[in-house]
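# Commentary on secondary and tertiary structure
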Amino acid sequence: MKRAFSFGDRTIEPAVRRVNEVRRVAVIGAGTMGQGIAIDLLSKTDYEVILLDVRAEALQQAEARLNGLWRRQVKGAQLRAEDAQALEARAKYTQSYDDLAGADIIWEVATERSEIKAGIFETIEQTADPEHLAAVFSNTSSHTTGELAVLFKSEAFREKFLTVHGYFPFEANRLIDVMKGKYASNETFAFGVVFADQILEKTVIALPVDHHGYITDPIFQGMGAIISWDVKTGQDIVQLGGLWDLFTANPFTVLDQTGHMPYTESSRHMGQALPENDRLRVLYDRDGKHYPDWIARLEKEDFTGVNSATRKGFYAWSNDKRPKPEQVLDPSTGNYVPIGEISRKEYWSYYEAAERDRLAGKIKSAESLVHVACADDAGGRAFRRYALPICLYALDMIQDRIATPGQINISTRAGLRYKVGLIEVIDALIGHLTIDGVLELIRRARDENADDPYMVAMLDVDGDTGPRKGRPCLLHEMKKRNLKRLLGYGKYFRTPVAELYFDTGEYKGCYLDLKFHEPPSRDRACSIVFNSPMRGNVWNRAALDQLAHAYNRVLQLHRAGRCGAVLFTAAGSGMRMLGADAREFNRGWFERQKGYVPLGEAEAAAFTRKGMRLFRLIQRSPVATIGVFGEKWGGGAEFNYFLDLRYDVRAEGFIFDTLERKTIWQQKNTYNQPELDYAILGGFGAAGELKRLGMGDSIIFEVFDQGMTADRAYQVGLSNGVFDDELEALRRGYERARLMAKDAPYSRALFKQQLARGSDDEALAKETGEIFNPRKNPFVSTGLLGLLDRGARAPKMNYACLGTELPGWSYPVDNGMVDLDASDESSAESATHGRA
């Protein structure tokens, strides 16, 4: 959004103000990650961005890549030529540290080696003004913030130092870590979180305590490392690495794309620095080696992936615009050989899992992963040998209070692009096998690998041996406390919506695709932000589940008198809200050669039915609602029709003139209903809701057949306010929500009931009489004092609705989650150890 907003949260207002003062960011290191950060900053802000590297060749490559990107966007009608020129003008490529002067943020992404970082930090201290600096970031993959902060000699720099780490490709990966450590001030930490969240528009994992590699990196690092010691042939890279294809992608193909340096340097550091109680430390220190000899040979020969001079690494890559692996390394010979298929005879469970998902219309489901985990083939043994230690590591992080279940699940889904988050997999194993069954499965894995002391140590669950000796794994505590899952799941589609807090045993909201801002006591207005900007904030099953849970929280707060209004908006530049997720229109994976695989009628109807149930709940609840959005398409526009007020941000961009056959830069439509073009309908009731809002048939046809700009929507009464500036729209929208929150609950509920009912004079007379009855409307006594006694300050109204029956309204009795114990009592069954 280019600028940050506090959503009424006084605790972050100083950080928001400082973020909005940033004008200049320096990035040290012009490699793959530095280039991605520069692209992101230039695209999303008006900052001057300085890209510094000691190597002239690296700067030339970076400048060529960035300028080439802008030119392609101009050619593709994504940018105007003058915009591309402005982007080029805001980027500076330099070898001089003197250019750091005046930077508000310095972001080091040059290396993983602490001795080189020390030299960089020393130079920063000599050239930068700590009084002017808001923060210094380091993009380390394995160090703790504390380890790096002490490389600064000055306390002034230490207290402004954070580790802030993105994932490849930075400009297209939504996850970012912000870690505080013991030296950074709380003000610096808040600044870093707000900056990463609202300016970089990322999903932020904020860690107040230090941990090597945050959450995601040690999991990804472990995915590759745990297999690497067993790799002997090219087929091992394909088949053993193929286990992780069931979750996300083969780590060796990913490492070839990112470059090997972060992996090898992190392995060295983890082998030296991981604490004694880290379950995975044995992966990085085996007889003094931090990674196997065959990976060391690749590093020595500069066979480090697709961006190396040889275009070789674990694979040999094509020279295409989008490179593809053509051959795989055979470590036994050092040659590159044809990429073989995973053996159907030995790894039949992989193929069965894929077929199960295909028949069920699912993609890499938790149920199929459980099937592989329990199988008696090479695939099952690979799962138990390689995946179970990673699962235990995740449980260790929760047990050690390093991370929460939700943070780990979000990290693996957003950063590593797991189709099913790691904690969801653990919950699925518990749901299928019970906790005792999972413990037995892990002990089975230990026995299968009894000749490997490293594996025995990593698979210890009872605290008998290895790094976790004396500390049984978290599963034992869960069993003792009768805790059957780590996440709470949505009531519609059973996707994650909450996480377990071990201190209390309660489940609290935790969302991948939403942000929920609690209402400040002074305002009684909460904010719900759709938070998947890279996908345009689409509607899908997960988004419906998360919104249902979040709005349940709103209603609980309303009942307690703490919330009277909700501001809905969308993260990302342009505050776009797209329609239904087209990927969920297809049953399972969409494959071009197969074409469209239709959903069943019942499945398609269920999505609309559940969405409409939720939208009606929001519409009819006694809570005031306002939406502040930019472009809205399909279901994104429809959602807005259910809200009480709509504020629109004007959108500009290229539009293709079908008559003149050229693209023209102009104001874009903010209301778009393109469904008829795709042979479908507005599944969330667009036609009916527009009619309810007083739009005539001609206006409704206009919305569907040509779309509507913000100004036109305001002209016809569909929009209640139009703005050029996103921040101003949010400020005005939040203020309107704050003022609407002052409405007395009984009056608001009755008002909405009258709107839904229409004209009825007799009912109106009856309701007018009832509203003056304090026994029915306990808010009237306080409310009328403000009208009657104008010279005095009216007493503060108690908005709580406990014990008060509101007209036409009753609060939901559920908590926004499905009760898996009640609905799935038969799902806990013994493992199937043979073919299904």
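This one's a predicted model, so the numbers in the text were calculated from it and none came from an experiment.

A few words now on the pattern of salt bridges. On inspection of all chains with the given rule, the structure shows 65 salt bridges. In this structure, the salt-bridge partner of Arg-712 is Glu-702, at a minimum N-O distance of 2.9 Å. Of this pair, Arg-712 sits in helix α26 (residues 710-716) while Glu-702 sits in helix α25 (residues 697-705), and the two are 10 residues apart along the sequence.

Between helix α17 (residues 405-415) and helix α18 (residues 422-448), the least distance of the axes is 6 Å, while the angle of their chain directions is 115°. Where α17 approaches α18, its residues Pro-405, Ile-408, Asn-409, Thr-412 and Arg-413 are matched on the opposing element by Leu-422, Ile-423 and Glu-424. Per-class residue counts for the contact of α17 with α18 are 4 nonpolar, 2 polar and 2 charged.

For strand β6 (residues 161-166), a buried count of 6 out of 6 residues is recorded, marking the element as mostly surrounded by other parts of the structure. Here β6 shows a buried face lined by Phe-161, Thr-163 and His-165 and a second buried face lined by Leu-162, Val-164 and Gly-166. Across 3 bridges, strand β5 (residues 135-138) lies against β6 in parallel orientation. Residue Val-136 lies in a different strand from β6, and its bridge partner there is Phe-161. Pairing of β6 with strand β7 (residues 175-179), which is carried by 4 bridges, proceeds in the antiparallel orientation. Counterpart to Gly-166 in the pairing with β7 is Ile-176.

Sheets are built from strands paired through backbone hydrogen bonds, the pairs being either parallel or antiparallel. Read across the sheet, 6 strands follow the order β15-β16-β17-β18-β20-β24 without closing on themselves; strand pairing throughout is mixed. Sheet topology places β15 (514-517) and β24 (721-723) at the edges, where each strand pairs with a single neighbour. The sheet shows a mean angle of 15° between the axes of neighbouring strands, taken without regard to direction. Here strand β20 (residues 645-649) pairs with β24 via 3 bridges, running parallel. Note on β24: the bridge partner recorded for Tyr-647 is Gly-721.

A cluster of like positive charges, contributed by Arg-71, Arg-72, Lys-75, Lys-321, Arg-322 and Lys-324, occupies part of the molecular surface. Positionally, Lys-324 belongs in the loop between β9 (315-317) and β10 (325-330).

Inspection of helix α13 (residues 293-300) places Trp-294, Ile-295 and Leu-298 among the buried residues, and these make up the whole buried set. For α13, the arc enclosing every buried residue in end-on projection is 100°, short of the 170-degree limit, so these residues lie on one face. Buried residues belonging to α13 abut α9 (216-228), α10 (234-239), α11 (251-258), α12 (261-273), β10 and β11 (335-338). Two residues or fewer past α13, Asp-302 is found with a positive phi of approximately 60°.

Let us now look at α12. In this model, α12 (13 residues) spans 18 Å end to end at C-alpha, consistent with the 18 Å of a helix rising 1.5 Å per residue. Of the surrounding secondary structure, the elements contacted by the buried residues of α12 are α6 (145-149), α9, α11 and α13.

Ile-219, Phe-247, Phe-383, Leu-475 and Leu-486 are the most contacted members of the largest nonpolar core, which totals 107 residues. Counting residues in each nonpolar core, the second largest holds 49 residues, with Val-497, Ala-498, Tyr-746 and Tyr-799 among its members.

Mapped onto the elements of the fold, Leu-690 is located in helix α24 (residues 686-692). Residue Leu-690 is classed as buried on the basis of its relative accessible area, which comes to 0%. The spatial distance from the C-alpha of Leu-690 to the C-alpha of Gly-222 is 53 Å, given a sequence separation of 468 residues.

Below, the discussion takes up the sheet that holds strand β4 (residues 105-108). Strand order in the open sheet formed by 8 strands is β3-β2-β1-β4-β5-β6-β7-β8, with mixed pairing between adjacent strands. Two strands lie at the open edges of the sheet, namely β3 (91-94) and β8 (203-207), each paired on one side alone. Between one strand axis and the next, the sheet turns by 20° as a mean value, whatever way the strands run. Helix α3 (residues 56-75) contacts β2 (48-52) and β3 of the sheet and is inclined by roughly 165° relative to β3.

When the pLDDT values of the protein chain are averaged, the result is 94; 98% of them are 70 or greater. The low-confidence segment residues 824-836 (pLDDT under 50) makes 26 contacts with residues lying over four places distant or belonging to another chain.

Relative to the helices and strands, His-549 resides in helix α21 (residues 541-559). If we skip the residues at most four places from it in the chain, His-549 touches Val-497, Ala-498, Gly-509, Tyr-511, Asn-815, Gly-816 and Met-817.

Before going further, it helps to spend a moment on the packing of aromatic side chains. Applying the stated criterion to the full structure yields 38 aromatic pairs. Plain terms: the ring middles of Phe-303 and Tyr-336 are 6.3 Å apart, the flat faces sit at 40° to each other, and that makes the pair tilted. Of this pair, Phe-303 sits in the loop between α13 and β9 while Tyr-336 sits in strand β11; the two residues are 33 residues apart in sequence, bridging distant segments of the chain. Three or more aromatic residues joined by ring pairs make a cluster, and in this case those are Tyr-492, Phe-493, Phe-530, Trp-539, Tyr-551, Phe-568, Phe-607, Phe-615, Phe-629, Phe-639, Phe-642 and Phe-684. In this structure, Lys-202 is placed above the aromatic ring of Phe-170, and the distance from its NZ or CZ to the ring centre is 4.3 Å.

Conventions adopted
In this numbering scheme, every chain counts its residues from 1 along its sequence in written order. Confidence filtering applies because this is a predicted model: local features only for residues at pLDDT of at least 70, side-chain atom pairs given and counted only at 80 or more, and all residues used for totals across whole chains, interfaces and linings. Heavy atoms throughout the structure, all of them, feed into the side-chain values; hydrogens and water do not. Note on definitions: salt bridges are taken to be side-chain nitrogens of Lys or Arg within 4 Å of carboxyl oxygens of Asp or Glu. By definition, any uninterrupted DSSP run of H or I lasting at least four residues is a helix, any uninterrupted run of E lasting at least two residues is a strand, and each is numbered from the N terminus. Lines are fitted to the C-alpha atoms to define the axes, a helix being fitted only along its stretch in contact, and any angle between axes, read from their N-to-C directions, falls within 0 to 180 degrees. Any pair of residues with heavy atoms lying within 4.5 Å of one another is described as a contacting pair. Residues are grouped as follows: Ala, Val, Leu, Ile, Met, Phe, Trp, Tyr, Cys and Pro are nonpolar; Asp, Glu, Lys and Arg are charged; all remaining types, including Gly, are polar. Between buried and exposed lies partly exposed: a residue is buried under 20% and exposed over 50% of the maximum accessible area for its type, with that area taken using a 1.4 Å probe on protein chains only. A pair of strands is labelled paired if DSSP reports no fewer than 2 bridges between them. Here, patches come from residues exposed beyond 30% relative accessible area and free of salt bridges, joined within 9 Å for like charges and within 5 Å for nonpolar side chains (Val, Leu, Ile, Met, Phe, Trp, Tyr). Throughout, the Shrake-Rupley method with a 1.4 Å probe supplies accessible areas, and for residues the shown protein chains are the sole cover considered. Residues scored as charged are limited to Lys and Arg (positive) and Asp and Glu (negative), so that His and the chain ends carry no count. Throughout, a charge is located at the NZ atom of Lys, the CZ atom of Arg, the CG atom of Asp or the CD atom of Glu. Working note: the arc is built from the helix axis to C-beta atom directions. By definition here, a helix of n residues has an expected span of 1.5 Å times n minus one. Remark: nonpolar core denotes a set of buried residues (Ala, Val, Leu, Ile, Met, Phe, Trp, Tyr, Cys) joined through side-chain atoms within 4.5 Å. pLDDT expresses, on a scale from 0 to 100, how confident the predictor is about each individual residue. Two rings belonging to Phe, Tyr or Trp (six-membered ring only in the last case) form a pair when the distance between their centres is within 6.5 Å. Interplanar angles under 30 degrees mark stacking, angles over 60 mark edge-to-face geometry, and anything in between is tilted. Charge-over-ring contacts are defined here by two conditions on Lys NZ or Arg CZ: a distance within 6 Å of the ring centre and an angle within 35 degrees of the ring normal.

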